[in-house]
Amino acid sequence: MTGVPASAAGGSSAAKGGTAGAAASAPGAPSASGAASGSAGPAGMVSGPSGASHPPAVSGPSGGSGADADAKAARGGKITAAAVNQASVWNIANFLTMLRLLLVPGFVALMLAEGGYDPAWRSLAWAAFAIAMITDLFDGHLARTYDLVTDFGKIADPIADKAIMGAALVCLSALGDLPWWVTAVILGRELGITLLRFLVIRYGVIPASRGGKLKTLTQGVAVGMYVLALTGWLATLRFWVMAAAVVLTVVTGLDYVRQAIVLRRQGIAERKAALEETEA
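Values in this document were obtained by computation on a predicted structure and should not be read as measured data.

On to the overall build of the chain. A tally of helices and strands in the chain yields nine helices and two strands. Taken across its 280 residues, the chain has 28% of its residues classed as buried. A sequence separation of at least 24 residues applies to 69% of the contacts in the chain between residues at least 6 apart. Taken as a whole, the chain presents about 17600 Å² of accessible surface, with 69% of it coming from carbon and sulfur.

If you want it as structure tokens, here you go:
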């Protein structure tokens, strides 16, 4: 046999391998090296087997478009949430509060009709006052139970409460049915405690006490009895109910003042302690 050099044999094998590689690198099957070199084309373009440039499928400008889409979606979500919050203002609790506010001028008109001493008109005024007091019991309960608390309700509800009560007291005193000092004590306490709540709100919230709720109920019953043209023992009874309402008004008012002082002291002490820890 004729000996064939190893180098020649290797060359023949390399030639065969080159032929096979050329066949593998035909247009229908690009080589791995070609794909690798094609991915590094200019301006983020990928070169195909024919040398043409194509935009990348994932990276590049499409990534920025995805970020813009996410930002637009986030903004859309915020707008939708704001719309939902705005729509929640129109709920049953706020409707009852608005009804109570609208009853105030109607109550005053009925109370002063025919000089303010006609039993029939006074009965209609009492009905308006009773509806206002009943809505006061339900609107807050509905708002807390069904998560209908809104900024509008927080502001309008106490205004409506004091408006109907203040209108009744002023009308009764103007007609001579109730001493002016009683009206001054009750309205002074209500306005003073409201102002006090705003002054200490940075330190915390003064919760409504059981005494305060009992005071509100007693005031409503007493004023309602005075609105009606009662005589005899019922007139005597309403005098004592109003006396109890005045006492509860003063006692609960002093208790709120005490709570406000304690709350303010605690708030100042906590802030001082936090400041010392920060400096340390």
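That covers the picture; the talk isn't over yet.
Moving on to the packing of helix H5 (residues 119-145) against helix H8 (residues 210-227). Relative orientation of the contacting elements H5 and H8 amounts to 165 degrees, with a least axis distance of 9 Å. Between H5 and H8, the angle is such that the two are roughly antiparallel. H5 and H8 meet at a crossing whose hand is left-handed. Contacts from Arg122, Ala125, Trp126, Phe129, Met133 and Asp136 in H5 reach Thr216, Gly220, Val223, Gly224, Tyr226 and Val227 in H8. For the contact of H5 with H8, the per-class residue count stands at seven nonpolar, three polar and two charged.

On to a nonpolar patch on the surface. Judged by side-chain polarity, Ile134, Leu137 and Phe138 come together as a nonpolar surface patch covering roughly 320 Å² of accessible area. Turning to its location among the elements, Ile134 is positioned in helix H5.

Okay, the environment of Met165 next. Structurally, Met165 can be placed in helix H6 (residues 151-174). Given the relative accessible area of 8%, Met165 is considered buried. Remark: the alpha-carbon pair of Met165 and Gly220, spanning 55 residues in sequence, is separated by 7.9 Å. Those residues in contact with Met165 that lie beyond four places of it in its chain are Phe129, Met133, Gln219, Gly220 and Val223.

Next up on the list: the nonpolar core. In this structure, Phe107, Met111, Phe129, Val223 and Met242 are the most contacted members of the largest nonpolar core, which totals 29 residues. For this core, the element with the highest residue contribution is H6, accounting for seven residues. Excluding residues within four positions of it along the chain, Phe129 makes contact with Phe107, Ile164, Met165, Ala168, Gly220, Val223 and Gly224. One finds Leu196, Val200, Ile206 and Leu263 within the second-largest nonpolar core, a separate group that totals eight residues.

Assignment of secondary structure puts Thr97 in helix H4 (residues 92-112). Classification of Thr97 by relative accessible area gives buried; the value is 2%. Sequence-distant contacts of Thr97, defined by excluding residues within four places in its chain, comprise Asp139, Ala156, Asp157 and Ala160.

With that settled, the discussion passes to the pattern of salt bridges. Considering all chains together, one arrives at eight salt bridges under this definition. For the salt bridge of Glu190 with Lys215, the shortest nitrogen-to-oxygen distance reads 2.7 Å. Separated by 25 residues along the polypeptide, Glu190 in helix H7 (residues 180-199) and Lys215 in helix H8 bring together distant segments of the chain. With a relative accessible area of 12%, Glu190 lands in the buried category. With a relative accessible area of 5%, Lys215 lands in the buried category. With its nearest N and O atoms 3.0 Å apart, the salt bridge here joins Arg258 to Asp255.

For H8, spanning 18 residues, the distance from its first C-alpha to its last is 26 Å, which sits close to the expected 26 Å at 1.5 Å a residue. Among the residues of H8, Gly212, Lys215, Thr218, Gln219, Gly220, Ala222, Val223, Gly224, Met225, Tyr226 and Val227 are the ones counted as buried.

Attention now goes to H4. Owing to its 3.6 residues per turn, the α-helix brings residues three or four apart onto one side. Taking 1.5 Å of rise per residue, the 21 residues of H4 would be expected to cover 30 Å, and the 31 Å separating its terminal C-alpha atoms lies within 8% of that figure. Val104 marks the point of greatest bend in H4, at about 30 degrees, and the proline Pro105 comes within the next four residues. The set of residues buried in H4 consists of Ala93, Asn94, Leu96, Thr97, Arg100, Leu103, Val104, Phe107 and Met111. Where H4 ends, the next residue or the one after it, Glu114, has phi of about 55 degrees, a positive value.

Reading the values: the criteria
Residues numbered from 1 in each chain as written. Predicted model: local features only at pLDDT ≥ 70, side-chain atom pairs only at ≥ 80, totals over all residues. Heavy atoms only, no water. Helix = DSSP H or I, 4+ residues; strand = E, 2+ residues; numbered from the N terminus. Buried < 20%, exposed > 50% of the residue type's maximum accessible area, 1.4 Å probe, protein only. Contact = heavy atoms within 4.5 Å. Areas by Shrake-Rupley, 256 points an atom, 1.4 Å probe, with all protein chains shown as cover. Axes fitted to C-alpha atoms, helices over the stretch in contact; angles between N-to-C directions. Parallel < 35°, antiparallel > 145°, perpendicular 65-115°, else oblique. Left-handed = near helix turned anticlockwise from the far one by under 90°. Nonpolar A, V, L, I, M, F, W, Y, C, P; charged D, E, K, R; others polar. Patch = residues over 30% accessible without salt bridge, like charges linked within 9 Å, V, L, I, M, F, W, Y side chains within 5 Å. Salt bridge = Lys/Arg side-chain N within 4 Å of Asp/Glu carboxyl O. Core = buried A, V, L, I, M, F, W, Y, C linked by side-chain atoms within 4.5 Å. Expected span 1.5 Å × (residues − 1). Bend = angle between axes of the 7 residues up to and from the residue.

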